[in-house]
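Spelled out, the chains give:
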Amino acid sequence: MKVLVINCGSSSLKYQLFDMENEQVMVKGLVERIGIPGSVLTHRPGNEKHVFETQIPDHKKAITLVLEAIIHPEYGVLQSMSEITAIGHRVVHGSEDYAFSVLLTDDVMEVIKKNIELAPLHNPPNIMGIEACQYLMPTVPQVCVFDTAFHQTMPPKAYLYGIPYEYYEKYKIRKYGFHGTSHQYVSQRAAALLGQPRNELKIIACHLGNGSSISAVKGGQCVDTTMGFTPLEGLMMGTRSGDLDPTVVTFLMEKEGWSCAEANNFLNKQCGVLGLSGVSSDFRDLESAAQEGNQRAQLALDRFAYGVKKFIGAYAAVLNGVDALVFTAGLGENSASMREKICQGLDYLGIEIDAEKNKVRGQEAFISTVASKTKVLVIPTNEELMIARDTYEIVNREK
Ligand code: ADP
């Protein structure tokens, strides 16, 4: 059975085709600059790379080109489109409606559309990807895998804000959490690598990338997470502010004469390590600038690591102990210095990093010392595989 996984952004589309017999990726690729001059499709079967620069005005055209590439006699991997048994879509917001992945139906589509008001930047491109697939492959079943679903197990004391309850009832204002597919994948992998059943483990998963979030996972279920009503809450990120006193926003709106849209743009695009450093939102740039003596780049890195450390402490309290601390995503998988900085002075939690083992980049590894009571792991995330697995399981179940 072949499953095509699709992850649509507003101007980009990532895809991976899985052979579910062995869970191997047959081909993967990326369409960039959809609807913008300079559109490009990068198609990667195995170690090859084929780049096509052509006009791609919308998601339908993007998916058409992806399907053509997949069945192309020279660089394709399938004879015909009919070999694709199912499609799995990443959908950002499932609200309280979905705690699990679901088979796409008209009702499901209605709910995803309803949730646009909760995720105005993310759900619309997800919908465009789904509709393009419905148009091009009307008989192929499609499954929606939600970024918020894994966090639906949080108890009300973790997801409610300190605002009048009526706003939760009226507008569904609460913490939802994001990156759920990644947190679920790495916590499952951690249990497998530890050789212990998931339901016995207390895990803190740190997804540290451009967007960053941390989850507390008890017995395989999420009990708390740092992102909130939107992906702005929690850790300071590449360009997002993370937690701050809400009054800072109203104060700045008054002082600078900003509209709501301008304030939103500021909080999402101009803050985080970019705003604090004045250098870059990219952690590689910050690390090299700091090495060259840029003090504000150093300050941004220190502030970021401090924020992660504080949440590790908070979640250790929430979980009443921690068996495993996991690092994943671009920064978490690759930056030994950031992992070291975060874990410095966490010995009271029994967290001790082995400097030699910590040199690892982008591969699964234990990086704690033998004596470390809490195991520390690096686990590259694989949201696409998680989406392919859910799609495979749901489609087989429905048969
Ligand atoms: P997203 O999927 O949220 O866009 P990623 O998970 O790809 O983000 O993470 C991107 C971040 O990871 C960037 O800030 C990048 O600088 C950082 N990163 C990637 N590799 C390294 C590295 N070797 N050292 C430090 N940071 C890295």
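Note on numbering: residues in each chain are counted from 1, in written sequence order. Only residues with pLDDT of at least 70 get local features here, since the model is predicted, and only at 80 or more are side-chain atom pairs given and counted; chain-wide, interface and lining totals rely on the full set of residues. Based on all heavy atoms of the structure, the side-chain values leave hydrogens and waters out of the count.

Caption draft 1: Representation of the site of the ligand within the structure. One heavy atom suffices: a residue is near a molecule or strand as soon as one of its heavy atoms comes within 4 Å of it. The full set close to the ligand counts 14 residues, and N210, D282, F283, G330 and L331 are the nearest of them. Between N or O atoms, a polar contact is any pair within 3.5 Å; within protein, one atom must be a potential hydrogen donor and the other a potential acceptor, and residues adjacent in sequence are included only when both atoms are from side chains. At 3.1 Å from an oxygen atom of the ligand is found a main-chain nitrogen or oxygen belonging to N210. D282 places a side-chain nitrogen or oxygen 2.4 Å from an oxygen atom of the ligand. Here a strand is any run of E in DSSP of at least two residues, a helix any run of H or I of at least four, and the numbering for each starts at the N terminus. Where the shell around the ligand is concerned, the elements lending two or more residues are α10 (283–291) and α12 (329–334). Sort the elements by how many residues they give to the shell around the ligand and α12 lands first, with four residues.

Caption draft 2: Seen up close, the environment of H43. Inspection of the secondary structure puts H43 in strand β4 (residues 40–45). By relative accessible area, H43 is classed as buried at 0%. In the structure, H43 is positioned 165 residues away from L208 in sequence and 27 Å away in space, judged by C-alpha atoms. Every residue pair with non-hydrogen atoms within 4.5 Å of one another is taken to be in contact. The residues touching H43, leaving out its near neighbours within four places in the chain, are Y15, V27, K28, G29, E48, K49, H50, F52, A69, I70 and Y75. A 1.4 Å probe rolled over the protein chains alone gives each residue an accessible area, and that area as a share of the maximum for its type sets the label: buried under 20%, exposed over 50%, partly exposed in between.

Caption draft 3: Focus on a nonpolar patch on the surface. Exposure above 30% relative accessible area and the lack of any salt bridge qualify a residue for a patch; like charges then connect within 9 Å, and the nonpolar side chains Val, Leu, Ile, Met, Phe, Trp and Tyr within 5 Å. Only the protein chains shown count as cover for residues, with accessible areas throughout obtained via the Shrake-Rupley method and a probe of 1.4 Å. Whenever a carboxyl oxygen of Asp or Glu lies within 4 Å of a side-chain nitrogen of Lys or Arg, that contact is scored as a salt bridge. A grouping of I163, Y167 and Y171 is seen on the molecular surface, where their side chains present a nonpolar patch of about 270 Å² in accessible area. Structurally, I163 can be placed in the loop between α4 (156–159) and α5 (165–171).

Caption draft 4: Broad picture of the sheet that holds strand β12 (residues 324–328). Overall, mixed pairing links the six strands, which are arranged β11-β10-β9-β12-β14-β13 in an open sheet. This sheet does not close on itself; its edge strands, each paired only once, are β11 (221–225) and β13 (365–366). Throughout, an axis means a line fitted to C-alpha atoms (over the contacting stretch in the case of helices), and angles, computed between N-to-C directions, take values from 0 to 180 degrees. Packing of helix α11 (residues 295–319) onto the sheet brings it into contact with β9 (202–208), β10 (212–218), β11 and β12, and relative to β9 it is tilted by some 160°. Together, β9, β12 and β14 (375–378) form the strand contacts of helix α13 (residues 336–343), whose direction differs from that of β12 by roughly 150°. In this description, strands pair whenever DSSP reports at least two bridges between them.

Caption draft 5: Structural detail: the pattern of salt bridges. Under the defined criterion, the tally for this structure stands at 12 salt bridges. Between R90 and D147 there is a salt bridge, with the nearest N and O atoms lying 2.7 Å from each other. On the criterion of sequence distance, the pair formed by R90 in strand β6 (residues 84–91) and D147 in the loop between β8 (142–146) and α4 is long-range, its members being 57 residues apart. A salt bridge links R397 to E393, with the shortest nitrogen-to-oxygen separation between them at 3.5 Å.

Caption draft 6: Structural context of the sheet that holds β6. The eight strands lie next to each other as β5-β4-β3-β2-β1-β6-β8-β7, forming an open sheet whose pairing is mixed. The open sheet terminates on both sides in strands that have one partner only, identified here as β5 (50–53) and β7 (102–103). Here strand β1 (residues 2–8) runs beside β6; their pairing, made up of five bridges, is parallel. Across the sheet, the residue bridging to V3 is A86, located in β6. Against the sheet, helix α2 (residues 106–114) makes contact with β6, β7 and β8, and its axis sits at roughly 35° relative to β8, the strand it touches most. Across the sheet, helix α3 (residues 123–136) touches β1, β6 and β8, and the angle it forms with β6 is around 165°.

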